[in-house]
Every structure is written in structure tokens, then in C-alpha cells.
Amino acid sequence: MARRRPIIQTRRRRAARSVSHAPRTDPMTPGPGPIPLPRHLAVGTLILISTIFSANHVAARVAFDDGAGVLLGVTCRAGASLLALLGIVLWRRQGLGLPTRLGAWQGLLGLLIALQSFCLYSAVARIPVALALLINSLFPLLFALLTWALGGPRPTRRASLLMGLILTGLALVLDLPGLLGNGAAPDARWAAGVALAFGSASLFAGALWVTEHKLAALPGPVRSLYTILIVFCAMLAAGAADFMPGGMRPPDGLAGWAALAVLSLCYTTGFCTLFILMPRLDMPRNAPVMNAEPVASLALGWLILDQAFDDRQLLGGLVVLTCIVVLAYSRRR
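All values derive from a computational prediction rather than experimental measurement.

Student: Quick question: what am I supposed to make of unusual backbone geometry here?
Tutor: It is generally the case that most residues other than glycine have a negative phi and that most peptide bonds are trans. Backbone geometry places Asp242, a non-glycine residue, at a positive phi of 55°. Structurally, Asp242 can be placed in the loop between helix 10 (220-240) and helix 11 (254-277). For Asp306, which is not a glycine, the phi torsion comes out positive at approximately 60°. Tracing the backbone through its elements, the reader meets Asp306 in the loop between helix 13 (293-305) and helix 14 (311-331). When its relative accessible area of 64% is taken as the criterion, Asp306 is described as exposed.

Spelled out as C-alpha cells, the structure:
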């Protein structure tokens, strides 16, 4: 008579066989990524974020017109976004370790963004908001040229043609034909605003190069948190050192304080929304939509600040934005 196997031993062997035939998974292999939003929702979200960012700059101009200092505006914006980003990082339980070999590049990135923020807000305080943002949107062109100058690929003929058209459109936006025809020297405040906006675009192009070529291995939350922390500390240090006389000057009235609150809220909302939803927005495909910010600032500047452009300037702005979008899409193919 055959000897019966213990029931427990039989069950164990069956379980072992079922495990051996089950598909093996590597615990270190990441799961499937977030499901991208439908194209129309992703594009609509990016347009909304661009509008929120443009509202931040319009509110900054209101605050500056009410006597607020530029350094104070950047400090308020950086402080609010720093608190929000810190909350997101803690909520995600993201580690904040920074490799020693990347410390210098992270510091450089933070300083570049600090200077870029200062230049852009200084430009917004001097020239129409839409004009400052349109000039600042030249950063993709400058990034391509900087990459080429530092050993990267040379721009193609198509990219070179688009860059030429961008410069032509910018000349129309700045009304250079009218200035040259009249023979009058441009207003010093206007010229300084244009130069600061171009400096902002150049600094942002440099920050993009550092991010892409030196800090690509650093997780986005860590990089963003340290960058904003450096911006916040740099503004406080510049104010304490009286780097810019009146830079930390408070507004004269309630409207200025309200504008500071609005600019902080708008920037933080736009930044955190973009930060959280970025994995689902298919940015390699949809990032050029962010160039809607100057268009939104044009409408908000006209409604709130009574800032308007003539037909020739509007045509130039359309040329600039169209070519930048085409150039951005071409680089992502």
C-alpha cells in the first residue's frame, strides 16, 4: 500500500511549482510611468499655466509702479515657491542628497536663475510686460547658439533661417525702423529694459545648458528646491548688502502689497502645477505651447496696465513667436 505524503508537504510543493512558473519581476525595475493626458487637455493645461505666469509679471509691474523694489518682488516670489516646493518634496518623501561633484554646478545654476529673475523683473519694471517676456522668449535661440559654441551640434540651415526671421520680427517689435527713421535716440529707461530682458534670456539659456549637460542626473525635485533656495538667499544677501538702492523698498500703498501677494500666488501656483503635472503633459511634444506666455501678457497688459502695441509691433511679435515654436518643435524631432 502506497504511503501517503503529508498534506502540508504537498501544498508546499504545489506552491513552489506555482511560484517557479509565475513571471519573474525585478524589484528594481520601475513600473509603468504616469498616463499622459489627452493632447487637448495637456495643451489647455499648458496655456493656463502660461497665463498664470504672465499674470505674475503683470502683478509685479503693478507692485513696482506702487514703489515696491525689484529685489523685494523676487524675494517674495522665491520665498512662496520655496515653501510650496518644500511641502511637495516632503509629501513625496524625496531624498535631498546632493552629490559633492555636482555641488558647484548646482550653485552656478542657482546663481544664474537668481540673476535671470532679477533681470526679468527689472525689465518688467521699465518696459511693457509683453515686450519683456517676448525678448525673454529668445532663450531657445540663444540656447542653440550656446550649445554650438560649447562643442554641440551646429544649427541646421532651417534653424538658421528661423533665427534670422526671429531677429527680423524682434526688430519690428522694438520698432527699430521707426527709431532709425526718426533719428532720435531711444529713451534710456526703454533701452535699459530691453537690455535687461535680453540679459534674462541669455542667463536662462546658460541655466538650461548647465541643467542639461551637468545636472541631468540630479532628480528634478532636488534640483528645483536647491535652485529656488539659492535664489531666495541671494536676494536676501543682495538686499542686506544694498546691492540695488531701494531694491527692498516696500510698496507705498495697499495696491502694491496686494500685487506682491498676487505675484507670489500666481508664480507658486503655476510652478507647482507644472511641477506636479509635468510627467503627464508630454513635455517633449507640447513644451512649445509655453510660448503662449507673451501672448497672454499682451492681453493682460492691455486690460490691466493699458499697455498697447501698434500693428507693426504685433506683426513682429507674431513672427517671433511662430518661429520660436517651429524651432522648438524642430529640435524635438
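Student: How should I be thinking about the packing of helix 6 (residues 139-149) against helix 9 (residues 188-213) in this particular structure?
Tutor: Between two packed helices, both the angle of their axes relative to each other and the distance between the axes serve to describe the pair. Running from N to C, helix 6 and helix 9 point in directions that differ by 55°, and their axes come no closer than 8 Å. As judged from the angle between their axes, helix 6 and helix 9 are oblique. Read as a crossing pair, helix 6 and helix 9 show a hand that is right-handed. For the pair helix 6 and helix 9, contact is made by Phe139, Leu142, Phe143, Leu146 and Thr147 and by Phe198, Ala201, Ser202, Phe204, Ala205, Gly206, Leu208, Trp209, Glu212 and His213, respectively. Each residue belonging to the contact of helix 6 with helix 9 can be placed in one class, and the counts come to ten nonpolar, four polar and one charged.

Student: Explain the pattern of salt bridges to me, please; I cannot follow it from the model alone.
Tutor: Pairs can form between side chains of opposite charge once their charged atoms are near each other. Following the criterion strictly, the structure yields two salt bridges and no others. With its nearest N and O atoms 3.1 Å apart, the salt bridge here joins Asp65 to Arg61. A residue pair is termed a helical-turn pair when its members lie 3 or 4 positions apart in one helix, as Asp65 and Arg61 do in helix 2 (residues 39-65) at four residues. Given the relative accessible area of 51%, Asp65 is considered exposed.

About the cut-offs
- Residues numbered from 1 in each chain as written.
- Predicted model: local features only at pLDDT ≥ 70, side-chain atom pairs only at ≥ 80, totals over all residues.
- Heavy atoms only, no water.
- Helix = DSSP H or I, 4+ residues; strand = E, 2+ residues; numbered from the N terminus.
- Buried < 20%, exposed > 50% of the residue type's maximum accessible area, 1.4 Å probe, protein only.
- Axes fitted to C-alpha atoms, helices over the stretch in contact; angles between N-to-C directions.
- Parallel < 35°, antiparallel > 145°, perpendicular 65-115°, else oblique.
- Left-handed = near helix turned anticlockwise from the far one by under 90°.
- Contact = heavy atoms within 4.5 Å.
- Nonpolar A, V, L, I, M, F, W, Y, C, P; charged D, E, K, R; others polar.
- Salt bridge = Lys/Arg side-chain N within 4 Å of Asp/Glu carboxyl O.

Function cannot be read off these values alone, since they describe shape.
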